[in-house]
Amino acid sequence: MKFFQTEISLEPASRGFHLITHKVLEAIPELHDIRVGQLQVFIKHTSASLTINENADPTVRIDFESHFNKMVPENAPYYKHTLEGPDDMPAHIKASLLDSSVTLPVTNGQLNLGIWQGIYLCEHRDHGGSRNLVITAFGI
Amino acid sequence: MKFFQTEISLEPASRGFHLITHKVLEAIPELHDIRVGQLQVFIKHTSASLTINENADPTVRIDFESHFNKMVPENAPYYKHTLEGPDDMPAHIKASLLDSSVTLPVTNGQLNLGIWQGIYLCEHRDHGGSRNLVITAFGI
Amino acid sequence: MKFFQTEISLEPASRGFHLITHKVLEAIPELHDIRVGQLQVFIKHTSASLTINENADPTVRIDFESHFNKMVPENAPYYKHTLEGPDDMPAHIKASLLDSSVTLPVTNGQLNLGIWQGIYLCEHRDHGGSRNLVITAFGI
């Protein structure tokens, strides 16, 4: 049984959806030693999140941002948690709708993803700053 | 420590929500050898997804389809990713709202689910075709 | 390799979002024996769910309840699964939008969460009753 874990800090990203698969892979080269296993990426924040989606056409990521802004609007009249700005409470809700982690199968030292799948950092704040990830891989 | 992994291909399913618990269990009989562990089912696509929900009344799955179509409509005026048809961009968003995987506890060689819980394949495309799953089980 | 698993029953909670991090930690003291690993909390129900979000300001949890009630309303005209009351079908949909489990990294015998992160029990029914959790921790 092998168990690897590392933490990385991502540079501040603009509000929106960003592909980070390559950054995750660079951070954990020990993945190559796992024949069968799993990799988890966990984000240590409540106003940014992670998901898996289409890795090719940038308009997909633009449409994600547009739709999440519609589905979870700023300045909803029922928000009480408004002290940290209009983008804060929607960011918390979006983070839970997406997720704080992704868990991926590992096969023969590689992520076993579909050809169109990539890992998204979902930055829900206007100025979210640097974001910290815990990356854990294990298997045999 | 035991680690098992297999891939299966599901036959094309109609747009909507479908119970696949039995297909997952058939694919990984080694589950019976795990006393304490986990099972993950991962879908290698970005326009279909997996979730856990009610396994008895088919109207629950019909209502899921109705509600997701309302919450993530086709032909929203702000979509830019429209080349692959009106059902494509909503499918990507629905897939991230639900999830690309489910992870379940394993106890005494069985999935340790609640009595009403089952695994859903969520097919978000009109003609999604066959869908591939990676099933990983591990434990002691 | 270490593998621990336990089940706990939470006392009935009012409809809404509740911090349960301390209850999870109390249930699995063996966590202290894991240097690098993961902890999963799984809820054995389809009308309540788990998520990770802000652990400080109670208004965040109130706003979650308000927003989910807007995004997944009761008495939508297209619901067919209505026999168990107006809060039932929305509860199923909310449970899948959030999730039936959370998986957290473990580092040096502790949950490796961000400073503002806590585990929420999301009770989507008016009278959901007691809720059962399976807690699984493993690592080296």
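Rules used throughout
- Residues numbered from 1 in each chain as written.
- Chains lettered and ligands numbered in written order.
- Predicted model: local features only at pLDDT ≥ 70, side-chain atom pairs only at ≥ 80, totals over all residues.
- Heavy atoms only, no water.
- Core = buried A, V, L, I, M, F, W, Y, C linked by side-chain atoms within 4.5 Å.
- Buried < 20%, exposed > 50% of the residue type's maximum accessible area, 1.4 Å probe, protein only.
- Contact = heavy atoms within 4.5 Å.
- Helix = DSSP H or I, 4+ residues; strand = E, 2+ residues; numbered from the N terminus.
- pLDDT = per-residue confidence, 0-100.
- Least-squares fit on C-alpha atoms with pLDDT ≥ 70 in both.
- Buried area = accessible area lost by both parts, 1.4 Å probe.
- Salt bridge = Lys/Arg side-chain N within 4 Å of Asp/Glu carboxyl O.
- Polar contact = N/O pair within 3.5 Å; in protein donor to acceptor, adjacent residues only side chain to side chain.

Enquirer: Explanation requested: the nonpolar core in the structure shown.
Expert: Soluble globular proteins tend to bury their nonpolar side chains together. Counting residues in hydrophobic clusters, the biggest one holds 43 residues, and the most contacted among them are A:Phe68, A:Leu97, B:Phe68, B:Leu97, C:Phe68 and C:Leu97. Discounting residues that sit within four places of it in the chain, C:Leu97 has contacts with A:Ser96, A:Leu97, B:Phe68, B:Met71, B:Leu97, C:Phe68, C:Met71 and C:Val72. The next biggest cluster of nonpolar side chains, apart from the first, holds 28 residues, and it includes C:Ala13, C:Leu31, C:Ile43 and C:Leu113.

Enquirer: Quick question: what am I supposed to make of the environment of A:Ala13 here?
Expert: Residue and element names in this part refer to chain A. When you line up the elements, Ala13 lands in the loop between β1 (2-10) and β2 (16-19). Sequence spacing of Ala13 and Asp33 is 20 residues, and the spatial spacing of their C-alpha atoms is 31 Å. Leave out the neighbours within four places in its chain, and Ala13 touches His18, Leu121, Glu123 and Gly129.

Enquirer: I keep staring at unusual backbone geometry and nothing clicks. Help me out?
Expert: Both trends apply: most residues other than glycine have a negative phi, and most peptide bonds are in trans. Residues and elements named next belong to chain A. Not every positive phi belongs to a glycine, and Asn108 is a case in point at roughly 55°. Summarising the element assignment, Asn108 is placed in the loop between β5 (101-107) and β6 (110-111). The exposure class of Asn108 is exposed, given its relative accessible area of 58%.

Enquirer: Looking at this model, I keep getting lost on the confidence of the model for chain A. Mind explaining?
Expert: Parts of the prediction with low pLDDT should not have their coordinates interpreted in detail. Taken as a whole, chain A shows an average pLDDT of 98; of its residues, 100% reach a score of 70 or greater. Confidence estimates for the predicted assembly give a pTM of 0.98 and an ipTM of 0.98.

Enquirer: It is not clear to me how the relation of the copies chain A and chain B should be interpreted in this structure. Could you clarify?
Expert: Mapping one chain copy onto the other needs a rotation about an axis and a shift along that axis. Each copy superposes on the other: chain A lies on chain B with an RMSD of 0.0 Å after a rotation of 120° and an axial shift of 0.0 Å. When the rotation and shift are considered jointly, the pair of chain copies conforms to a three-fold rotation axis. By C-alpha distance to the rotation axis, the residue of chain A lying nearest is A:Leu97, at 3.4 Å. Here only 14% of the interface residues in chain A have copies in chain B that are interface residues too; the copies meet through unlike faces.

Enquirer: Quick question: what am I supposed to make of the interface of chain A and chain B here?
Expert: By a frequent convention, interface size equals the accessible area lost on bringing the separate parts together. On the chain B side, the residues contacting the 35 residues of chain A number 29 residues. Of the roughly 2,700 Å² buried where chain A meets chain B, counting both sides, 62% is carbon and sulfur surface. Ranking the residues of chain A by area buried against chain B places A:Gln38, A:Asp63 and A:His67 at the top, with a combined share of 20%. On the surface where chain A and chain B come into contact, there are zero salt bridges. Summed over the shared surface of chain A and chain B, the result is 18 residue pairs in polar contact (both at pLDDT 80 or more). Those elements that provide at least two residues to the side of chain A that touches chain B are β3 (36-43), β4 (48-54), α2 (58-71), β5 and β8 (131-139) of chain A.

Enquirer: In this structure, what is going on with the relation of the copies chain B and chain C? I would like to understand it.
Expert: With an RMSD of 0.0 Å, the operation that places chain B on chain C is a rotation of 120° combined with a shift of 0.0 Å along the axis. Looking at the interface residues of chain B, only 14% of them are also at the interface in chain C, so each copy uses its own face.

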